[in-house]
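# Results of the structural survey
The primary structure of each chain is shown beneath.
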Amino acid sequence: MGNSPQDLRNRMWIWIAALILIAMACGCIGLAVGGLAGYLIGRGAGAPTPPGPTSGTPWLGVMVTHDRDGARILQVLPNSPAEEAGLRPGDRITAVDGEPVDDRHPLPDALRRHRPGETVRLTVIRDGEERTLSVTLGRAP
């Protein structure tokens, strides 16, 4: 390899590629270490997960589509907390415990603030009427 402009350009691109690969490797290592530390801090090293309905991911049992006016229920799953609470396809959930639900604040995010076994108040629009339903969240299957 000489010192021609083409050779210098090729070496420059090799160095750039090497630096990018090193940066990506460092980023992956940082994510892994940070994720492990976050897991240990959030869970507490060796701390048992509480048994029963207070552990796990909260589950309502509906399939929805979001828009600026809420989460429209497309389907209510059988034997779900939503079915037990009387939710129906076509209902529009606009809030969970007073927190808005819409395309910017999706229903799953609102539910994740709660635990299985907790009872939440859903603000629902059905046939143009607003109503409040209480639902005891289940654990995601």
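Below is a summary of the structure that appears in this document. (Residues numbered from 1 in each chain as written. Predicted model: local features only at pLDDT ≥ 70, side-chain atom pairs only at ≥ 80, totals over all residues. Heavy atoms only, no water.)

Quick look at the overall build of the chain now. Helices and strands together make up the secondary structure of the chain, namely 3 helices and 8 strands. Secondary structure of the chain in N-to-C order comes out as α-β-β-β-α-β-β-α-β-β-β. Put simply, the chain has 141 residues, and 27% of those count as buried. A sequence separation of at least 24 residues applies to 46% of the contacts in the chain between residues at least 6 apart. (Helix = DSSP H or I, 4+ residues; strand = E, 2+ residues; numbered from the N terminus. Buried < 20%, exposed > 50% of the residue type's maximum accessible area, 1.4 Å probe, protein only. Contact = heavy atoms within 4.5 Å.)

This part is about the pairing of strand S2 (residues 62–67). Pairing geometry for S2 and strand S3 (residues 70–76), over 6 bridges, is antiparallel. In the strand pairing of S3, Val62 is matched with Val76. Two successive antiparallel strands, S2 and S3, enclose a turn made up of 2 residues. (Pairing = 2+ DSSP bridges.)

On to the layout of surface pockets, then. As a volume, the largest pocket reaches approximately 150 Å³. Lining the largest pocket are Thr57, Pro58, Trp59, Leu60, Gly61, Val62, Val64, Leu107, Pro108, Leu111 and Arg112. Among the elements of the structure, strand S1 (58–59), S2 and helix H3 (107–112) are those that each provide at least two residues to the lining of the largest pocket. The element contributing the most residues to the lining of the largest pocket is H3, with 4 residues. A per-class count over the lining of the largest pocket returns 8 nonpolar, 2 polar and 1 charged. (1 Å grid on protein atoms, 1.4 Å probe; cavity = no way out; pocket = protein on both sides within 12 Å on 5 of 7 lines; lining within 4 Å. Points joined across faces, edges and corners; volume = space filled by probe spheres on them. Nonpolar A, V, L, I, M, F, W, Y, C, P; charged D, E, K, R; others polar.)

To continue, consider unusual backbone geometry. The bulk of non-glycine residues show a negative phi, and the bulk of peptide bonds are trans. We note that Asp97 has phi near 50°; this positive angle belongs to a residue other than glycine. Structurally, the position occupied by Asp97 is in the loop between strand S4 (92–96) and strand S5 (99–100). Of the residues examined, Asp97 reaches a relative accessible area of 25% and is grouped as partly exposed. Phi is positive for Asp127, close to 50°, though the residue is something other than glycine.

This paragraph deals with a nonpolar patch on the surface. On the surface, Met12, Trp13, Ile16, Ile20, Leu21 and Met24 cluster together into a nonpolar patch covering about 630 Å² of accessible area. Secondary-structure assignment places Leu21 in helix H1 (residues 5–43). (Patch = residues over 30% accessible without salt bridge, like charges linked within 9 Å, V, L, I, M, F, W, Y side chains within 5 Å. Areas by Shrake-Rupley, 256 points an atom, 1.4 Å probe, with all protein chains shown as cover. Salt bridge = Lys/Arg side-chain N within 4 Å of Asp/Glu carboxyl O.)

As paired elements, S3 and S4 share 2 bridges and run antiparallel to each other. Its bridge partner lying in S4, Arg72 is registered against Arg92.

Looking at where Arg126 falls in the secondary structure, it is placed in strand S6 (residues 119–126). Overall, Arg126 belongs to the buried group, its relative accessible area being 7%. Those residues in contact with Arg126 that lie beyond four places of it in its chain are Gly86, Leu87, Arg88, Asp91, Arg131 and Leu133.

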